[in-house]
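So you can see what is in the structure, the chains are spelled out below.
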Amino acid sequence: MTRTGGRVTAASAATLLLLCVLVGLGGPAQAAAYRYWSFWDRGADGSGWVYATQGPSTARPSDGDVQGFRFAVSEDSDDAAEPRGAARFDAICSGTAARDGQKRIALVLDFGTAADAPAGETPPPARTACARVPSDATTADALAAVAKPLRYDTNALLCSIAGYPRKGCGEAIADDGPDATGTSDASGTSGTSGTSDDSAASDNARASDEKGPSVGLFVGVGAVAVLGAAAVWQARRRRRG
């Protein structure tokens, strides 16, 4: 920093003040929330839901397993809402007999709340289903057997179950409203093709909100300009004195 006669110059003082204002007003970007279907496993002891570590296209549950899907708005797996309602295999699959070479998977489908629904859509009631599929089938196969139509985007992300929602796919939700940025509305196909790694959907979609400068930033810069002008005037006055 330059000095003249042992004093900090007016320009240097204004620059320092500007840096202080910018540092003070520049806050960290907030994480965005996303509207999507999350995928869950029921604990082996039936104690509760665990966020799946694999996607439904790679997970291969065993006969007697319980798995769930929940449509909601969340930032990541730590913030994700669990499927609601009873989730017992013996209750869900009581009317489905076992067969050789096949397995039964109990599925809990929670379509979420009205608050999390896309604009103009109403979530269907939550329901359960027992999928009887080949012994080597994935969760995506089981889901396709009992919850058509399914919809996927061009990146094979699971967008809708049983036709809900009709549009959108893992879109980012703005802080001040339901609309999103980066919405995908690609149509998909029903069945098992193009299944997604949905357990990581929120992590793959995570991004920082891109926001413009706040009003406070412009006010701070304006204040710095005024203070800088005052410092220059004071310096000139001292030189004249």
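Here goes a summary of the coordinates provided. (Residues numbered from 1 in each chain as written. Predicted model: local features only at pLDDT ≥ 70, side-chain atom pairs only at ≥ 80, totals over all residues. Heavy atoms only, no water.)

1. Quick look at the state of the cysteines
Every disulfide links exactly two cysteines, by a covalent bond between their sulfur atoms. Counted by the stated rule, this structure contains two disulfides. Each disulfide pairs two cysteine sulfurs, and for Cys 93 the partner residue is Cys 130, the sulfurs being separated by 2.1 Å. Torsion about the S-S bond of the Cys 93 and Cys 130 cystine: about 105 degrees, corresponding to right-handed handedness. Taken together, the residues Cys 93 in the loop between helix 2 (89-92) and strand 6 (102-110) and Cys 130 in strand 7 (residues 127-134) connect sequence positions 37 residues apart. This pair shows no difference in class: Cys 93 is buried, exactly as Cys 130 is. With its sulfur 2.1 Å from that of its partner, Cys 159 forms a disulfide with Cys 169. The S-S bond linking Cys 159 to Cys 169 shows a torsion near -80 degrees; that makes this disulfide left-handed. With a gap of ten residues between them, Cys 159 in strand 9 (residues 158-160) and Cys 169 in the loop between strand 9 and strand 10 (171-173) connect regions that are remote in the sequence. For the pair formed by Cys 159 and Cys 169, the shared burial category is buried. Assigning the bonded cysteines of the chain consecutive numbers by sequence position, one obtains the connectivity 1-2, 3-4. (Disulfide = S-S within 2.5 Å. Helix = DSSP H or I, 4+ residues; strand = E, 2+ residues; numbered from the N terminus. Buried < 20%, exposed > 50% of the residue type's maximum accessible area, 1.4 Å probe, protein only.)

2. Here we look at unusual backbone geometry
Look at the link from Lys 148 to Pro 149: it is a cis peptide, with omega at -5 degrees. In this structure, Pro 149 sits in the loop between helix 3 (139-146) and strand 8 (151-152). Of note, the bond from Tyr 164 into Pro 165 is cis; its omega dihedral lies within 30 degrees of zero at -10 degrees. Of note, Ala 162 is a non-glycine position whose phi angle comes to about 55 degrees, a positive value.

3. Quick word on the environment of Asp 100
Its location among the elements puts Asp 100 in the loop between helix 2 and strand 6. Judged by its relative accessible area of 81%, Asp 100 falls in the exposed class. Taking the C-alpha atoms as reference, Asp 100 lies 9.1 Å from Pro 134; in sequence the two are 34 residues apart.

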